[in-house]
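The residues making up each chain are set out below.
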Amino acid sequence: MLFRLRVSLPDRPGSLARITQTLGSSGADVLQMTVLERNTGRAVDEFTVSWPGERPVERLTEGLGGIQGVRVEGCWSTGEVPGAAPELDVLGQVARDPGRAVATLVDAVPGLFHADWAVATRGTKSRAVVHASWQAPSSPRLPLVSPLRPLALALDDAPTTFAAAAPIGLSWLTLFVVRADGPAFHRTELERLGRLVDVVQGVLGTRTAPRPAKAPQPG
């Protein structure tokens, strides 16, 4: 099984080596490491690891808790294979069928961002669901926000539930991506989400923009 680990650690020599050694000693095979941020003496890294399915997943993280200054911010299963480019697959689907661009985006982003569900809504004072992923609740409770750029949200009625919201073009559509059990969306994830939505919007623009009217012929 593949798991993604988000770890906060001291940004000093030896810290990363201790984490990878600890993961290896527990039986995990580290497949990929991504640096999310480095700031004020600390770093936030994400690890994609292969873990034996018959072993309790708690053992994957318990050793990290014993390393001084290390904090596990999240651990969740993932189907993403390191080195794959799932965004390109989504953009290819959008390009092939621009009429379903919003539905394709909503269906894809939970898997791309290791979230539980997503919806696209229309409106600013009320929320009309335009499309929902298959795991979305029938009547999702969402904040009345209309972001100008992707932003991270914590849902008030569920302290461990986090969301990212992003505008889709200029049509008052908002994309919500929700994790039911954390972690919160990191700024690098928000930047990635923004780039994805921008490219989808660009594909829509080239495929759906009205053709200019022909100039009247003299005579």
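Small disclaimer: the values here were computed from a predicted structure and weren't measured.

Another aspect to go through is the overall build of the protein. From N to C terminus, the protein includes 5 helices and 9 strands. Counting from the amino terminus, the protein carries its helices and strands in the arrangement β-α-β-β-α-β-α-α-β-β-β-β-β-α. Out of the 219 residues in the protein, the part that is buried amounts to 42%. Accessible surface computed for the protein: about 12,200 Å², of which carbon and sulfur atoms make up 53%.

Here helix α3 (residues 86–96) crosses helix α4 (residues 101–112) at 170°, and the two axes come no closer than 9 Å. In terms of orientation, α3 lies roughly antiparallel with respect to α4. For the crossing formed where α3 meets α4, the hand is right-handed. Here P86, E87, V90, Q93 and V94 of α3 lie close against α4, whose contacting residues are A101, T104, A108 and L112. Residue classes in the contact of α3 with α4 are distributed as 6 nonpolar, 2 polar and 1 charged.

Reading across the sheet, the 5 strands line up as β6-β5-β9-β8-β7 and stay open at both edges, with antiparallel pairing between neighbours. Unpaired on one side and paired on the other, β6 (128–132) and β7 (151–154) mark the two borders of the sheet. Taking the axes of each pair of neighbouring strands and ignoring which way they run, one obtains an average angle of 30° across the sheet. The sheet contact formed by strand β5 (residues 117–122) and strand β9 (residues 173–179) spans 6 bridges and is antiparallel. For A120, the partnering residue across the bridge sits in β9 and is L175. Each of β5, β6, β8 (162–168) and β9 touches α4; the most contacted strand, β5, lies at about 150° to it.

What counts and what doesn't
- Residues numbered from 1 in each chain as written.
- Predicted model: local features only at pLDDT ≥ 70, side-chain atom pairs only at ≥ 80, totals over all residues.
- Heavy atoms only, no water.
- Helix = DSSP H or I, 4+ residues; strand = E, 2+ residues; numbered from the N terminus.
- Buried < 20%, exposed > 50% of the residue type's maximum accessible area, 1.4 Å probe, protein only.
- Areas by Shrake-Rupley, 256 points an atom, 1.4 Å probe, with all protein chains shown as cover.
- Axes fitted to C-alpha atoms, helices over the stretch in contact; angles between N-to-C directions.
- Parallel < 35°, antiparallel > 145°, perpendicular 65-115°, else oblique.
- Left-handed = near helix turned anticlockwise from the far one by under 90°.
- Contact = heavy atoms within 4.5 Å.
- Nonpolar A, V, L, I, M, F, W, Y, C, P; charged D, E, K, R; others polar.
- Pairing = 2+ DSSP bridges.

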